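Coordinate inspection notes
Spelled out from the first residue to the last, the chains are:
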Amino acid sequence: MMKKRLLIFLISFLSFSALAEQTVTTENAWLREAPPTVKVWAAYMTLKNPTDQDMVLIDADSPAFENLMFHKTEIIDGIAKMHHADHIVIPAHSSFEFKPGEYHIMLMGRKIPLKEGDEVKLTLIFKNLERQEITAVVKKSSNENMQ
Ligand SMILES: [Cu+2]
């Protein structure tokens, strides 16, 4: 009995530490607070990939929004335009940043009221079918942080 329990403990400990080392981690995930009437929001974060393989983000989901997409903002003739990005590559041993003025996760169809300080669950879905649930915090941002 004792041995079996110890074995189960060891297996779960080993698989946890393997996962902790071999996948993408997320830092500073946040949503920019928008006025109450605005249903389309943007999320930003840094993704770090410590593995030997490129990781490809193919989709994202949130219970607080109807639909999520990856967008890139480009300034063309002084006007900011957003382009849809089908997927996002986080290179091996490198990182990728969603940040204001560049790439962002566009969240459409806000379902619930949100304000500064609220936490929003997001699920990141990778090409290898790995799913990660993360928490993003609603923050205010200054005017120069345009998407
Ligand atoms: Cu956008």
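So, here is what we can say about the structure in this document. (Residues numbered from 1 in each chain as written. Predicted model: local features only at pLDDT ≥ 70, side-chain atom pairs only at ≥ 80, totals over all residues. Heavy atoms only, no water.)

Turning our eyes to something else, we now look at the overall build of the protein. A tally of regular secondary structure across the protein gives 1 helix and 10 strands. Out of the 147 residues belonging to the protein, those deemed buried represent 34%. Taking all contacts inside the protein whose residues are at least 6 apart in sequence as the whole, residues at least 24 apart take part in 67%. (Helix = DSSP H or I, 4+ residues; strand = E, 2+ residues; numbered from the N terminus. Buried < 20%, exposed > 50% of the residue type's maximum accessible area, 1.4 Å probe, protein only. Contact = heavy atoms within 4.5 Å.)

We now examine the packing of aromatic side chains. Applying the stated rule across the entire model yields 5 aromatic pairs. Ring centres of W41 and F65 lie 6.3 Å apart, and the angle between their planes is 55°; on these two criteria the pair is classed as tilted. Within this pair, whereas W41 is found in strand β2 (residues 41-49), its partner F65 is found in strand β4 (residues 65-76), the two being separated by 24 residues in sequence. For the pair F70 and F98, a centre-to-centre distance of 6.0 Å together with 25° between the ring planes defines the contact as stacked. Placement of F70 in strand β4 and of F98 in strand β7 (residues 94-98) is noted, with a sequence separation of 28 residues between them. (Phe/Tyr/Trp six-rings, centres within 6.5 Å; stacked < 30°, edge-to-face > 60°.)

Now for the pattern of salt bridges. Taken as a whole and assessed by the stated rule, the structure comprises 6 salt bridges. A salt bridge links E97 to K99; the nearest nitrogen and oxygen atoms lie 3.9 Å apart. Judged by its relative accessible area of 28%, K99 is partly exposed. Counted as one network, the salt bridges with shared partners bring together E97, K99 and E102. (Salt bridge = Lys/Arg side-chain N within 4 Å of Asp/Glu carboxyl O.)

Each pair of donors in an ideal octahedron of six around a metal sits at 90 or 180 degrees, and each pair in an ideal tetrahedron of four sits at 109.5 degrees. Within the protein, the copper ion binds to H71 (ND1), M82 (SD), H104 (NE2) and M106 (SD); these donor distances fall in the range 2.0 to 2.2 Å. Metal-centred angles of 95 to 120° between the 4 donor atoms at the copper ion mark the site as tetrahedral. Sequence spacing of the donor residues for the copper ion, all on one chain, is H-x10-M-x21-H-x1-M. By the burial criterion, H104 is buried, and M106 matches it. (Donors = N, O, S within 2.8 Å, 3.2 Å for Na, K, Ca; no water. Tetrahedral: all angles 85-135°; square planar, octahedral: opposite > 155°, others 65-115°.)

Before going further, it helps to spend a moment on the nonpolar core. Ranked by internal contacts, the top residues of the largest apolar core, which has 30 residues, are L31, M45, L57, F65, F98, L122 and L124. Those residues in contact with L31 that lie beyond four places of it in its chain are W41, A42, A43, F65, L107, L114, V120, A136, V137, V138 and K139. (Core = buried A, V, L, I, M, F, W, Y, C linked by side-chain atoms within 4.5 Å.)

Positive phi, close to 55°, is recorded for D77, a residue that is not glycine. Mapped onto the elements, D77 comes out in the loop between β4 and β5 (79-85). Backbone geometry at H93 places phi at a positive 55°, although glycine is not the residue there. Looking at where H93 falls in the secondary structure, it is placed in the loop between β6 (88-90) and β7.

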